[in-house]
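Each chain is listed here by its residues.
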Amino acid sequence: MLDSDSVKTEKIYYADAYAVRFTAEVISSGEDGIVLDRTAFFPEEGGQSPDKGFLAGFCVRDVQIRDGYIHHVLEIPEGEKMPAEGDVVEGVIDWDHRFSNMQQHSGEHIFSGLVHTEFGFDNVGFHLSDREVTMDFNGVFPEGGLALIERKANEAIWSNVAVQISFLEGTEAREAEYRSKLELTGAVRVVTFPGIDACACCAPHVRRSGEIGCLAVVGAVNYKGGTRVSILCGGRAMRLFAHEHMLLTRTANFLTTSADNVPESTMRLKNENTSLKAALKNASIAAMEMKAAALPAGEYDACLFEKNELTGKVMQETVNRMTEKISGYCGLFCGNDEEGYRFVVGSRKKDSREMAKILREQFGARGGGKPEMVQGSVHAEENKIRALFD
């Protein structure tokens, strides 16, 4: 049973963000996880996902902090026993995951500090997961603003300044200048990149800015009257660069051109494709007009099938032409047996809704309309649909 008045879990990562192995005593063991007297595992906190690794040989699935105690949720295989109160256990941090988070979070501090200095925007939201890093700013960037901050952030990274971490209390904390999303009381942990940024933060950070490597802005959208910016730093940014370079190279090879000419070649292909689609559409319309014109006049049911894409308006106009000389049901089905058909059925003497009902009962078709004309979609074989009109 944890005592709310006792000393809370000692946070090893406060003193040494590079500590990978540690030993600690279990002070609580239960359904809500293992609590240690000290830990190097950073919990989910401040918008950042928790550390990964192993504790007592078991995989750490989650790490949460409640009332100052850090709870480690372990994956315990069937038949195994979780550590008990009083046991001394060893913890091992997944360093690759930890360092990646450190690169992202330290890069975010530099980026947010520069945004505040250049434009006066506050970072009002932060999220760091294994897949993304986002920051919410309470302002809209001017044209070229994000590119400016990205360039200055990388210059700050390459200056390789030593990161300073301090705990401020009382008057010193009240008078110090640092960024914070919350009104803080008591001791404040401030992470400072000298000459660049100072911000209250509970997370592990790099020792020197150069360890961040690089920073790339990978997206920005309007969000709640401000801007949500996505970035990647260090190893994550390099993996993105490598992936995008691979895609660009493949595209250039496919287009038999250089990487520099990919945008121009792609636009040319797009324009050609648009022209071909328009030509195909016109040809399909002409073909449907010819097919409709070739049908003999009379009192019978008729249907046409077309594999090329037709607009709903073209389908309706074709069926109208068919009904001018055919007194029964006139149907047009566009598609194929594998993907299904869009259809329009019309008649000037019969209730087209009856044919829609038959299609629904026979093949599960969807759609509806008026007595003069119905439209919808159906998955069935062409020969079986034709049989309904024979």
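In what follows, the structure referred to is the one given above.
Residues numbered from 1 in each chain as written. Predicted model: local features only at pLDDT ≥ 70, side-chain atom pairs only at ≥ 80, totals over all residues. Heavy atoms only, no water.

Novice: Give a detailed account of the sheet that holds strand β8 (residues 88-93), specifying residues and quantitative values.
Specialist: Taken together, the 6 strands give a closed barrel; going around it, the order is β2-β3-β7-β6-β5-β8, and neighbouring strands pair in antiparallel fashion. Averaged over all adjacent pairs, the angle separating strand axes in this sheet is 45°, with direction ignored. Pairing of strand β5 (residues 53-55) with β8, which is carried by 3 bridges, proceeds in the antiparallel orientation. By the bridge assignment for β8, Phe-54 is matched with Val-92. (Pairing = 2+ DSSP bridges. Helix = DSSP H or I, 4+ residues; strand = E, 2+ residues; numbered from the N terminus. Axes fitted to C-alpha atoms, helices over the stretch in contact; angles between N-to-C directions.)

Novice: Kindly report on a negative patch on the surface, identifying the contributing residues and their values.
Specialist: A grouping of Glu-25, Asp-37, Glu-85 and Asp-87 is seen on the molecular surface, where their side chains present a negatively charged patch. One can find Glu-25 in strand β2 (residues 21-30). (Patch = residues over 30% accessible without salt bridge, like charges linked within 9 Å, V, L, I, M, F, W, Y side chains within 5 Å. Areas by Shrake-Rupley, 256 points an atom, 1.4 Å probe, with all protein chains shown as cover. Salt bridge = Lys/Arg side-chain N within 4 Å of Asp/Glu carboxyl O. Lys, Arg positive; Asp, Glu negative; His and termini not counted. Charge placed at Lys NZ, Arg CZ, Asp CG, Glu CD.)

Novice: Hey, could you go over unusual backbone geometry for me, with residue numbers and the actual values?
Specialist: Glycine aside, residues mostly have negative phi angles, and peptide bonds mostly take the trans form. With phi around 55°, Ala-56 is a residue other than glycine that occupies positive phi space. Note on placement: Ala-56 falls in the loop between β5 and β6 (58-66). For Ala-56, a relative accessible area of 31% puts it in the partly exposed group. At Asn-160, a position not held by glycine, the phi torsion is positive, near 55°. (Buried < 20%, exposed > 50% of the residue type's maximum accessible area, 1.4 Å probe, protein only.)

Novice: Now, about the nonpolar core: what can you tell me, with residues and values included?
Specialist: Membership of the largest hydrophobic core comes to 52 residues, with the highest contact counts inside it found for Ile-110 and Phe-111. Grouped together as the second largest cluster of nonpolar side chains are 16 residues, Cys-303, Phe-333, Met-355 and Ala-365 included. (Core = buried A, V, L, I, M, F, W, Y, C linked by side-chain atoms within 4.5 Å.)

Novice: Describe the sheet that holds strand β16 (residues 302-306), with residues and values.
Specialist: Through backbone hydrogen bonds, the strands of a sheet pair up, either in parallel or in antiparallel fashion. Taking strand neighbours across the sheet as the criterion, the 5 strands line up as β16-β17-β18-β20-β19 in an open arrangement whose pairing is mixed. Looking at strand neighbours, the two that pair on one side only are β16 and β19 (366-370), the edges of this open sheet. If you compare each strand with its neighbour and ignore which way they point, the axes differ by 15° on average. The pairing of strand β17 (residues 330-336) with strand β18 (residues 340-346) spans 7 bridges and is classified as antiparallel. Bridge pairing links Cys-334 to Arg-342 in β18. Against the sheet, helix α6 (residues 262-294) engages β16 and β17, with an angle of about 160° to β16. The strands touched by helix α7 (residues 312-323) within the sheet are β16, β17, β18 and β20 (373-378), with β18 carrying the most contacts at an inclination of about 45°. (Contact = heavy atoms within 4.5 Å.)

So yeah, pure geometry; function would need other evidence.
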